Amino acid sequence: MAGKVSQRISIRQLIQLALLPALIVSWSALAPALQKEAKSTESEPASVLNKELPESIEDLKALEDQVQKHRKSMMNATVAVVIGNSQGSGVVISKDGYILTAAHVIGRRGQAANVWFPDGTLARAETLGTDHETDAGILRIVEEGEWPFCAMAVPDSYKVGDWCIATGHPGGRREGRPPVIRIGRINNVTPAMIRTDATLVGGDSGGPLFDLKGRVIGINSRIGVSTSWNLHVPVGIYEENWESLSSPAGFLGVGGDPYNRDGPCTITSVSGNSPAFKAGVRVRDVIKKFDDKPIKNFRELVELVSQYAPNKAIEVEIVRNNKTIKLEVTLARKDPYRGIR
Amino acid sequence: MNQNLSQPPRLSDRLLLPAMLVASILALSPAIAPAKDLDVELQLGGRKLRAAFQPVVSEVRKSTVEIWCGSKHVAMGVVLDNEGHVLTKASELQSNITCRFSDETEVRAKFLAADREYDLALLDVEHDKLVPIKWANEDLADIGRWVVTAGIDESPIAIGMSSVRSINIPKVRGKAWLGIEMDVATDRPKIQSIRPFSSASRSGLRTGDVILQVSDKVVDTRDLMISALSQFTPGDSLFVRVLRGSDYKNFQVTLDRWGKDAFHRQAIQNRMGAKLSNRRAGFIGVMQHDSVMSSHNCGGPLLNLDGEVIGLNIARGGRTESYAIPVSLLKERIEELESGRLAVALPMYILPEVEYVSNTSDRKEVVLPEPPPLPEN
């Protein structure tokens, strides 16, 4: 059955997963940070949260109360992210609508995305940066509003054994089903991932992992075969790379033939008042290099430009009338809802 | 109501493997001593953690039974009353049903009736120390509360958290797929080849088997077999009796949806982890929780932290979800089951060697279909 398919996957994954334990960070290095954290939250039942094992029904109740206390805010900040045919999850982490998700949910910068809140509200968003190595990605709601959110936790404010809550839209968004809450414990941490036994499946990607104080500590990313292999991107990755991850896509303002894969990258239109126009790019110019990177066809140019943030001066090498010319363009900010590039 | 099932989203997991590999490579560079994994026994399914929930199930486990069919533990069940009625999940049942109690006694059980809609079965046992279950008075389903699955041991079988208050799990639509090709050289339904990853391949059927019976239908010819199979829909679980060499063999087969289940990424991911229930769809108004359990852990009671029985686990639905029937709904179905009104037609999933009785009041035996004659040669 699929048993065989999944087995094949599982063996591959197991081999890969087997690599992981060798790389894992020592908790002791993170311990001082944790103590600081514990002090700062005196009102919380720190004793239960830090116990290795709940000792009584009262302890279990205290954990449940903690989940109940933050349940609504955790669910309200969990969104479904829809880009074309692709679906995933995300979590709003600021009032003005920044959303953490997984890189493989949004693909690349500068795309239009639909974001669904649990109450059925639909908000338009644009994808910002991605880091496919760690699977971190960010998008932002482009509409005005004050969005329900959960704050990011201080990086490394969690440790092995901590309780956590994962939410998201397993199997994709379903009408009438709110984000699905699952509980787990942190089974291991490295600088690049948090591993928990809060179960995930396709569609959960990009959804949040919370600590029991309702703060975002990670983003759902990938799974292994066992139900205790659920991997999340640590919130620290987003914090460290905030500037590059949160910048919108750059906009050049030229048109070409995306279906001409053999190249060259001939410009067929230049938008008025666009960065390309201002820099002197004209129709029938052939773009050879962008920021010293060779360009084979128009599609490559589009891909490359979307990786650059606006307001950056970039050297573009073009061929016009058999002469090579170098121009300097300052990219503008791309608005995915204008549909121009 | 659910578009995603009929038209599954292109879920963003295509980078699962590469991302994992990349993550491993990335993490290799900082030479930091590895942290120790959380002790397995402290993890969610871990023995020590489950033991912390012992007081929750201390009473209910006396009303809980394990359902065995021969040497196979197939499901859990609950004692309903002092007359010996036991409620369990129907589609996991096979022949030779016995119930094991928390006092370590084991008794034979008779099949009384089945509710196809909610996949419930009513059994009858004789036992002198029955402890009927006490259901919660009202539906207590809530989101983000501990839920505890009682077994017959001191520690619960599984723990988890309630995820969705009430959800409809729609029936799987589409064409059912067994995954065999038949030998056209003979009129009898003889298997010529078995498709990889099909329901046939995981059921244990083999090339060369001659199919004699599909559920309760004797099938002498290929056409009869095809028409017998066409009565079923994807997700249905049925038995197939075959002739292999000179032996009769019985196999339980769960039909897939053509083209979808076997190769669909989401289906594969959902199977990663605990074994899913064969019947895991077609439930209206069930509660969803995240307890990791296997198909044979279904059919037993689900409790909240106060020890109140809030439902009956009815299916393991996927990697992240298990379903339970809430008490109010359950009480209606039990009444229906005990009324004797429900069809006692042979449930397709039970092999017909079992002793059948027609209803609870007059326990009349039903004539079983004759086993097909052995073909010559």
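Okay, so let's go over this structure. (Residues numbered from 1 in each chain as written. Chains lettered and ligands numbered in written order. Predicted model: local features only at pLDDT ≥ 70, side-chain atom pairs only at ≥ 80, totals over all residues. Heavy atoms only, no water.)

### Some thoughts on the overall build of chain A
Cut-off, in case you're wondering: The numbering of helices and of strands both runs from the N terminus, where a helix is a DSSP run of H or I of at least 4 residues and a strand a run of E of at least 2. A simple rule labels every residue: compare its accessible area, found with a 1.4 Å probe on the protein chains alone, to the largest value its type can have, and call it buried under 20%, exposed over 50%, or partly exposed in between. Working rule for contacts: check all heavy atoms of both residues, and any pair within 4.5 Å makes them a contact. We get accessible surface area from the Shrake-Rupley algorithm with a probe of 1.4 Å; when it comes to residues, only the shown protein chains can shield them.
When helices and strands are counted, chain A shows nine helices and 21 strands. Burial analysis of chain A (341 residues in total) assigns 59% to the buried set. Nonlocal contacts in chain A, meaning residues at least 24 apart in sequence, comprise 61% of its contacts between residues at least 6 apart. Put simply, chain A shows about 13700 Å² of open surface, and 49% of that area lies on carbon and sulfur atoms.

### Concerning the overall build of chain B
Across its full length, chain B carries eight helices and 21 strands. The buried share of chain B, taken over its 377 residues, is 57%. Sequence separation of 24 or more characterises 62% of the internal contacts of chain B that already satisfy a separation of 6 or more.

### What to know about the sheet that holds strand E13 (residues 210–214) of chain B
Residues and elements named next belong to chain B. Under the convention used in this document: Note: two strands are recorded as paired if DSSP finds a minimum of 2 bridges between them. Axis lines are fitted to C-alpha atoms, over the contacting stretch for helices. Their N-to-C directions set the angle, which ranges from 0 to 180 degrees.
Taken in spatial order, the four strands of this open sheet run E14-E13-E15-E16, and their pairing is antiparallel. The strands lining the two open edges of the sheet, one partner per strand, are strand E14 (217–218) and strand E16 (247–254). Bridging between strand E15 (residues 237–244) and E16 involves eight bridges; their strand directions are antiparallel. Along E16, the bridge assignment pairs Arg244 with Asp247. Contacting E13, E14 and E15, helix H6 (residues 222–229) crosses the sheet at an angle of about 40° to E13.

### Quick word on the packing of aromatic side chains
Note on aromatic pairs: each is described by the distance of the centres and the angle between the planes. Operational definition: Aromatic pairs are defined between Phe, Tyr and Trp rings, using the six-membered ring for Trp, whenever the two ring centres lie within 6.5 Å; interplanar angles under 30 degrees are classed as stacked, those over 60 as edge-to-face, and all others as tilted. Here, over-ring charges are defined by two tests on the NZ atom of lysine or the CZ atom of arginine: distance to the ring centre within 6 Å, and angle to the ring normal within 35 degrees.
Applying the stated criterion to the full structure yields six aromatic pairs over all chains. The interplanar angle of 10° and the centroid separation of 5.4 Å between the aromatic rings of Phe117 of chain A and Trp147 of chain A together place this pair among those described as stacked. Note that Phe117 of chain A is positioned in the loop between strand E4 (112–116) and strand E5 (122–131) and Trp147 of chain A in the loop between strand E6 (136–141) and strand E7 (163–166), a separation of 30 residues in sequence. An identical accessibility class is assigned to Phe117 of chain A and Trp147 of chain A; each is buried. Here the aromatic residues Trp163 of chain A together with Phe53 and Trp146 of chain B are joined through ring pairs into a cluster of three or more. Sitting over the face of the ring of Trp116 of chain A, Arg173 of chain A holds its NZ or CZ atom 3.7 Å from the ring centroid.

### Details of unusual backbone geometry
All names here are of chain A. Gly263 connects to Pro264 through a cis peptide bond whose omega is 0°. Inspection of the secondary structure assignment puts Pro264 in the loop between strand E14 (254–255) and strand E15 (265–266). Residue Asn321 is not a glycine yet carries a positive backbone phi of 50°. By the secondary structure assignment, Asn321 is in the loop between strand E19 (313–320) and strand E20 (323–330).

### What to know about helix H9 (residues 298–305) of chain A
Structural remark: α-helix, 3.6 residues per turn; residues separated by three or four positions point the same way. Residues and elements named next belong to chain A. Put simply, the test is: Each C-beta atom gives one direction from the helix axis, and the arc is the one those directions make. Any N or O atom pair separated by 3.5 Å or less is treated as a polar contact, with the protein-specific requirement of one donor-capable and one acceptor-capable atom, and with residues adjacent in sequence counted only for side-chain atom pairs.
Where H9 is concerned, the buried positions are Phe298, Leu301, Val302, Leu304 and Val305. End-on view of H9: buried residues confined to an arc of 165°, all on one side of the axis. The N-capping residue of H9, defined by a side-chain oxygen 3.2 Å from the backbone nitrogen of Arg299, is Asn297.

### Observations concerning the sheet that holds strand E11 (residues 216–223) of chain A
All names here are of chain A. One closed barrel holds the six strands; their spatial order is E7-E8-E9-E12-E11-E10, and the pairing between them is antiparallel. Across the sheet, the mean angle from the axis of one strand to that of its neighbour is 45°, orientation sign disregarded. In this structure, strand E10 (residues 208–211) lies alongside E11, joined through three bridges in antiparallel fashion. Note that in E11 the partner of Pro208 across the bridge is Ile219.

### A few points about the pairing of strand E2 (residues 86–92) of chain A
Residues and elements named next belong to chain A. Counting buried positions over the seven residues of E2 gives seven, a clear majority of the element. Taking every second residue as pointing to the same face, both faces of E2 are buried, with Ser86, Gly88, Gly90 and Val92 on one and Gln87, Ser89 and Val91 on the other. As judged from the six bridges shared by strand E1 (residues 78–83) and E2, these two strands associate in the antiparallel manner. Paired with Val79 across the bridge in E2 is Gly90. Remark: two residues form the turn of the hairpin made by E1 and E2, two consecutive strands paired antiparallel; Gly84 in that turn has positive phi of roughly 60°.

### Some details on helix H8 (residues 327–339) of chain B
All names here are of chain B. Applicable threshold: Each residue after the first adds 1.5 Å to the expected span of a helix.
Compared with the 18 Å implied by 1.5 Å per residue over 13 residues, the 18 Å span of H8 between its first and last C-alpha is a close match. For H8, the complete set of buried residues consists of Val327, Leu329, Leu330, Arg333, Ile334 and Leu337. An end-on view of H8 places all buried positions within 145° of arc, on one side of the element. Exposed residues lying more than 90 degrees from the buried face of H8 are Glu332 and Glu335. Those residues of H8 that are buried are in contact with strand E4 (85–89), strand E6 (106–115), strand E7 (120–125), strand E18 (283–289), strand E20 (309–318) and strand E21 (321–326).

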